[in-house]
Each structure stands twice: as C-alpha cells, then as structure tokens.
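Here are the chains, one letter per residue:
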Amino acid sequence: MFPLRLPAVAQVALRRLGVRRLWDRGLSTADMTKGLVLGIYSKDKDDDVPQFTSAGENFNKLVAGKLREMLDISGPPLKAGKTRTFYGLHQDFPSVVVVGLGKRSAGFDDQENWNEGKENIRAAVAAGCRQVQDLELPSVEVDPCGDAQAAAEGAVLGLYEFDDLKQKKKVAVSPKLYGSGDQEAWEKGVLFASGQNLARQLMESPANEMTPTKFAEIIEKNLKDASSKTKVHIRPQSWIEEQEMGSFLSVAKGSEEPPVFLEIHYTGSPNSSDAPLVLVGKGITFDSGGISIKASANMDLMRADMGGAATICSAIVSAAKLNLPINVIGLAPLCENMPSGKANKPGDVVRAKNGKTIQVDNTDAEGRLILADALCYAHTFNPKVIINAATLTGAMDVALGSGATGVFTNSSWLWNKLFEASIETGDRVWRMPLFEHYTRQVVDCQLADVNNIGKYKSAGACTAAAFLREFVTHSKWAHLDIAGVMTNKDEVPYLRKGMSGRPTRTLIEFLLRFSKNCS
C-alpha cells in the first residue's frame, strides 16, 4: 500500500496513467526514505511548453513520460519558487518534487545587482527540499538545475533550522546531488552554505549559552577541524589590559561575564610570512544597551549582536576548508554590554589603544567602542586589507532594510571586489558615504578627541562609520554594517525565519577571488 499521506486524487491519477507496478507490489517502509527534487523552467513564450532541466528530462524518460503527464493534469505551469509533489513514479524515489526555476534565460540583472538565475535556483531547490522534509524523508537527491553550487546552497540553507534546544526536532534531511553532474561545484556550494549555517547557529543561540568564552571555544573547534594550518588564541582579560584596550574594557566591565579577545590565524599561503588579510568582527554576545538601556520589546534579538564576529569567523573556517593559498587573521572582541554599578555612564571618557580619548555619550553605541581597539590591533599585522563586520546601527536597518549590507570603505578597489563577490552570491552589498561631513560630527567633542555618537540624530550609520575611521590608517579598509541583514522574516526565500548569517557567503567568495587574483 501507498502511505496514508498519498492524496486520494493522486491515487486515481496514478491508476489512470497506468502507474501500476509500484502500486501493485506495494512500498515497504524502508523504501520510503528518499525524495527527489527536479527543476522545470517557465515558458519563454505563451505558446511554448515548459521545459524540464536536463536531469528532469532524463527522469521523465525513465518513467516513460509519466512525470510530464502528471504535471500537465495537476494544474497551471509552475511559477518560479513554487512546487508540486508526485508519488509513486519510480521505486527509488517514492516522492518527486518538481520546482519552478523561472525563465531559462535569467542571468545577471543590473538593476537587482545579482544573478537572477542563481537566485531562482536557490529559492526553488530550498522550497523543494522543505517539501521532502515535510514528508519526513531523511534523504533527498537534488537536480543541479544547471548550477550545482547554487542548487547545493539552496538545499543546505533551505533545510537549516535552529532547533538545538528543542526536544521535538524536524527530520534531518541529507541532500545529495542527483546524477553525475558537477560534484565539485556541489561540494563547494555545500561548503559555502555550511559556513553561513555556522554563523546562523552562533547568532541564534541564546546569550546564556553563547557567552564570549563559549563562542571562542566553538570557533576554535571548528577551525582546528577545518585545517591543520590554523592557530587560535583565546586572549583573557589580563591580555586585553596589557594591550591597553581601554575602549573595549569599558564596555566589558559592566558584565559579570569575562571578556575574551579571540584571535584566529589561517596560514594558507606557501609563504607563511606573506601579509595577511585581517577580518574584524563585533562580538557583543548580548546587548542590553547598558545604562542607555534598550526598550524591552525585541531585546531578545540582541543575542545576535555578535553577528559580525560570527560571520567573519565562519568565513575564515570556510576559507580553511577550501585550503585557500592566502593568510587570513580574524579578530573578535567578545563581551556583553550590561547595566551595572561598574558599567560605562553617559559622559564618561575612555582611552583607546591608539591613545585617542572617547566621550561615551550613549552606552548603547558600544559596538564601535570595542571595534576601535580591535581595528588598532589589526594594523600591527601589516595587513593587505582590513575588513570589519558589525551589527552596528539601527540606522543601517532604516536605510537599507534587509536588501543589502551597507559598505563604508576608503578604497574603490576593495569596494569593487566586495561588490563583484556579492553579485555571485546574491547576498548583496551597497556602498555608503564616508564623507568628511560625517567626521566633523563625531570629532566636534566637548570632553575628548572623539564622541561615540554623532552631533545630530540623522545619518547614524554614517557617523558610526566616521567614528571607526578615526582608528584606521590603512588605505584598504571596509566597514560592513550588517544590522539590517541580521534577521530574516520572509525576504530571502531560501532562509527560514530567524538569524540570517549574512553576509558570510559574500565574505567567503571575496576571499576565494582574492586568493586567485591578489592584484
């Protein structure tokens, strides 16, 4: 017998089409373990017939055209990202999900600044794999849909859901490439998506579980598992004090949880002394706002205020797995921002590692305080490039929402490299201004060299970037404000609701491209 989940109308359709062999012999429970996801394109013209992908066409031939017949009688042509499930067509795949890929001609869209074809594949495959998961099948084979990397990303990203702390979990589905397509590209896509999923796991974990110490230990394990070309330094408070990181310490002192300065090294270049790329990530494992306390509504989301650290560390883990021939260093100042008798008070003045004094007029503008010292320290490695990522400002969310990461940079060369990487991944970036106009608003300060908030309420993301620039002397630096892309509701169809892990794949792609062409 077919499983009870098979709709009666589908049983009738199967008999009408003569699909009797499987029906008559029955399917054992052991057989019901695998699903198949196949793609179909939209019609290019009204009088056209929607075309299967190569893998879809081959499967249709394998079942003597029954897939096409079933599809034709099951409703209108599939739109991009939509799915339709069929049962009992082949003994190896009791459930077959057909997914709409949009137009075959879809490619780079200069208005959207991404490859529409790749995005369609990611979204469609994710939807198809979730259908298989809903059927509680532990395995799914996936049509490469003309781009095995994009298909793998869609499958692995689409199936991920943070349920580590739940007793009742969704069925874990193992996606595999269907057929003998481009296995190397598939594995690359799995690696990229797994990197983003690591960032999602770190960001989603509750703050009482994901403390600075626990974060550092997880990254240490992942990095050591990834490659033998790695070193991890989990620097304690005594080291931070020796480095005279007064700005970082001023934030950390408000919490009972001890701060950690995480320093990770991946030495992939044949020349170990080759100048590294340095990635810096904001690591506030919970942000209450401190004395300038946040509103209680949605404050729980501030468990992900270490998203900058999560994304840069996950990107470096992925670079190590890819065995890229470059040297990369990751720096993550990790602490909580809490209100207490020891916490920063509005109007306090603290001293950063480079000697500059900072007037702290808003203790909820703490990310820039910890990044200031980390950026100063980054320069000691004589790097080729410095990139920092941070869930820095609500103003960035207001400006761009979840559409793109805001990038502030003093290098057009670096901007172009990040932009090109984002087109490939579909996890977009958008350049924001670093005008002197904004710098004047943070250096016009009553008590110190610089203020941690702008003179006016407007352009908060821009004045935050201007503040960070006061601690940068390198000619190739970029600040990625990822506050707007921190969470996903329904904007990115191949990510479930929750912490997004963006823009990890864009950072991985940037490192990959840099390793191939450093000029």
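Residues numbered from 1 in each chain as written. Predicted model: local features only at pLDDT ≥ 70, side-chain atom pairs only at ≥ 80, totals over all residues. Heavy atoms only, no water.

Moving on to the packing of helix α11 (residues 307–321) against helix α17 (residues 504–516). Relative orientation of the contacting elements α11 and α17 amounts to 45 degrees, with a least axis distance of 9 Å. If you check the angle between α11 and α17, you find them oblique. At the point where α11 passes α17, the crossing takes the right-handed sense. Between α11, through T311, I312, S314, A315, S318 and A319, and α17, the contact on the second element is made entirely by T504, L507, I508 and L511. (Axes fitted to C-alpha atoms, helices over the stretch in contact; angles between N-to-C directions. Helix = DSSP H or I, 4+ residues; strand = E, 2+ residues; numbered from the N terminus. Parallel < 35°, antiparallel > 145°, perpendicular 65-115°, else oblique. Left-handed = near helix turned anticlockwise from the far one by under 90°. Contact = heavy atoms within 4.5 Å.)

Next up on the list: the nonpolar core. Membership of the largest hydrophobic core comes to 61 residues, with the highest contact counts inside it found for L202, F215, L262, I387, L480, F510 and L511. In terms of residues, this core owes the most to one element, α11, which gives nine residues. Each residue touching L262, except ones within four places of it in the same chain, is listed here: F215, A216, I219, V232, H233, I234, C313, G330, L331, A332 and L334. Among the nonpolar cores identified, the runner-up in size contains 48 residues, and L331, V350, C462 and L468 belong to it. (Core = buried A, V, L, I, M, F, W, Y, C linked by side-chain atoms within 4.5 Å. Buried < 20%, exposed > 50% of the residue type's maximum accessible area, 1.4 Å probe, protein only.)

What follows deals with helix α6 (residues 148–159). When the terminal C-alpha atoms of α6 are compared, their 16 Å separation across 12 residues agrees well with the 16 Å that a helix rising 1.5 Å per residue should span. When you tally the buried positions in α6, you get 12 out of 12 residues, the bulk of the element. Those residues of α6 that fall on the buried side of the exposure criterion are A148, Q149, A150, A151, A152, E153, G154, A155, V156, L157, G158 and L159. Residues of α6 that are buried make contact with α5 (116–134), β6 (139–142), β7 (174–177), α7 (183–204) and α17. (Expected span 1.5 Å × (residues − 1).)

If you trace the three strands from one edge of the open sheet to the other, you get β13-β14-β18, paired in mixed fashion. Two strands bound the open sheet, and with one partner strand each, they are β13 (348–351) and β18 (450–451). One ladder, built from four bridges, connects β13 with strand β14 (residues 357–360); its direction is antiparallel. Residue pairing for β14: R351 is matched across the bridge by T357. (Pairing = 2+ DSSP bridges.)

Nothing here speaks to function; it is geometry throughout.
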